Amino acid sequence: MTEWEQAGRRRTPHRELLHTRREFLARGGAGFGALALAHLLQSEASGAAGKAAGATNPLAARKPHFAPRAKSVIFLFMEGGPSHLDTFDPKPLLNKLAGQPLPASFGEVITAMGEARSPLLASQRTWKQHGESGLWVSDWLPHIAGCADDLAVLRSCWADGINHSSGVCQMNTGSILGGRPSLGAWASYGLGTENQNLPAFVVMQDNPSSVVNGPRNWSAGFMPAVYQGIRIQGGNEPIPHLSTPEGVTEAQQGGKLEFLNRLNRTHAALHPEQSELEARIASYELAFRMQAEAPEAVDLSRETAETRALYGMEEKETATCGRLCLLARRLVQRGVRFVQIYHGAGSKWDAHAGIEKNHSELCRAMDRPVAGLLKDLKRQGLLESTLVVWGGEFGRTPMSEKGDGRDHNPTGFTMWMAGGGVQGGQAIGETDELGLHATTDRLHVHDLHATILHLMGIDAMGLVYHYKGRPERPTLNEGQPLLKVMARSAAPSAVEARPLPVQSPKPRPKR
């Protein structure tokens, strides 16, 4: 027995020494302090739901509600809001009426930045139909256009957030207000991960700028922190603080972890109300396992020159995004459940002025890598089980801003999905004749999230986490999965579900 262990044993009987705030609150004042403690631990106390899913390993793989079409998700987030009017949703009338004010039939429209009666701005794009399906894609995206038959283009998306903070927050968490779990965290909570040596939820971004709202976008909110996303960075150490310190052997590192876990579990047995300790223990164990597998997973030197060229990694403009897309493929190939890539981190897609220069550069940097990802997933046999989602927090207005830019447009914009049981080669929904408002098959963010979860085998109304006495769900009790997006040959079949309450969705009130 080491000196530390002996010291720990000597201290254990002296529990009357109240070492922590929680012990003081639980025992002080004839027990009334426990009332304050209960308030502090409300989120942890809700760990009953987590324990039902296996608290000893909260990320253990679990059965979905029904047979999934997608095992993993890669969410390509164009931060700042790409223009649907210049990429996937052509509007001939926009060019015809360019320079004129919005027609009176639209009513009085004030943009997110407070402008009114701005003239319409023509799209300078050349449009062509692509693939057997004849999907319209602009000349800004020639490589993605070559994958047209794999895309389900959703032209009728809409959201509630008019600025970047609320828009990015809602597209990640379902709410314009911070504090809720991200979609990736819900997927991790509901399904766990197939690879216990890698994180369930990974986040990457293409530059050092801060994504709007920062880590809150991939947080676990009120759920245990074990479900939050782990950000992988660039450089020689993609996963921070993972490498074993120099001079420490694997046996020594394992011994330290075993001793730390023994102390933690002894403490956890004495304090069952402190459910967050399970998450901490799991994170230590995961970090130790990752030291063996993660370096290989992020080592792109193992890829062939042809594969690297497919992603555009040999060209300066596309190298960064290509690297992230290739990393995403390697991660889902190894069982990572949810990967999110922020392209244009720091709201670089926000083109209030100079949209031609802004979007031209960003499309060039992203187009080839994203197309390479789709092609690589397909040839690796992974596209059928990997859902790829592309889009931003909102679109851009048909009206101009500052003469040559476009303002935020949350009332109608485009996203697309591919793989993961999605029927490619189709455009779903419509915006009006100028692309301002979603009109047909309108898809709110809650509907998008419900669709993504449905493709993963999760009923959004049946995935519940109890917090402060409330049954919380990923889509805030709203949203319906878009069945039109799903491949007709991939009808779901029932499997044994986890013991979570399933309730019939209530109709979402009209907005």
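Residues numbered from 1 in each chain as written. Predicted model: local features only at pLDDT ≥ 70, side-chain atom pairs only at ≥ 80, totals over all residues. Heavy atoms only, no water.

Remarks on the overall build of the protein chain
Broken down by element type, the protein chain carries 15 helices and 17 strands. Put simply, the protein chain has 511 residues, and 55% of those count as buried. Contacts spanning at least 24 positions in sequence make up 78% of the contacts within the protein chain whose residues lie at least 6 apart. (Helix = DSSP H or I, 4+ residues; strand = E, 2+ residues; numbered from the N terminus. Buried < 20%, exposed > 50% of the residue type's maximum accessible area, 1.4 Å probe, protein only. Contact = heavy atoms within 4.5 Å.)

Thoughts on unusual backbone geometry
A positive phi is found at L476, a non-glycine position, where the angle reads about 55°. One can find L476 in the segment after β17 (470-472). Here L476 falls in the partly exposed class, since its relative accessible area comes to 30%. Positive phi values are uncommon outside glycine, yet N477 reaches one of about 65°. With respect to the helices and strands, the residue N477 is situated in the segment after β17. What makes N477 partly exposed here is its relative accessible area of 33%.

Examining the packing of aromatic side chains
Considering all chains together, one arrives at 11 aromatic pairs under this definition. Both rings, one in F222 and one in Y467, keep their centres 4.5 Å apart while their planes meet at 10°; by these two values the pair is stacked. A residue pair is termed long-range when its members are at least 10 positions apart, and F222 in the loop between β5 (201-205) and β6 (230-231) and Y467 in strand β16 (residues 465-467) qualify at 245 residues. Side by side, F222 and Y467 carry an identical accessibility label, which is buried. Members of the aromatic cluster, connected to one another through ring pairs, are W186, Y189, F222, Y227, Y465 and Y467. Residue placement shows R125 over the ring face of W140; its charged tip is 4.0 Å from the ring centre. When the ring centre of W158 is taken as reference, the NZ or CZ atom of R442 above it lies at 4.3 Å. (Phe/Tyr/Trp six-rings, centres within 6.5 Å; stacked < 30°, edge-to-face > 60°. Lys NZ or Arg CZ within 6 Å of the ring centre and 35° of its normal.)

Points about the packing of helix α13 (residues 316-333) against helix α14 (residues 355-379)
It is the contact of α13 with α14, at a shortest axis distance of 8 Å, that shows an interaxial angle of 25°. Taken together, the axes of α13 and α14 lie roughly parallel to each other. Here the hand of the crossing between α13 and α14 comes out right-handed. Taking contact as the criterion, the partners of E317, T318, C321, G322, C325, L326, R329 and V332 in α13 are, on α14, R364, A365, M366, R368, P369, V370, L373, D376 and L377. Tallied by class, the residues present in the contact of α13 with α14 amount to 10 nonpolar, two polar and five charged. (Axes fitted to C-alpha atoms, helices over the stretch in contact; angles between N-to-C directions. Parallel < 35°, antiparallel > 145°, perpendicular 65-115°, else oblique. Left-handed = near helix turned anticlockwise from the far one by under 90°. Nonpolar A, V, L, I, M, F, W, Y, C, P; charged D, E, K, R; others polar.)

So, the side chain of D447
Inspection of the secondary structure assignment puts D447 in helix α15 (residues 445-455). Assessed through its relative accessible area of 6%, D447 is described here as buried.

Observations concerning the confidence of the model for the protein chain
In the predicted model, the protein chain carries a mean pLDDT of 85, and the fraction of residues at 70 or more is 78%. Note that residues 1-18 has pLDDT below 50 and, in this model, 14 contacts with residues that lie over four places away or in other chains. Every residue in residues 490-511 scores below 50 in pLDDT, and together they form 50 contacts with partners more than four places removed in sequence or on other chains. (pLDDT = per-residue confidence, 0-100.)

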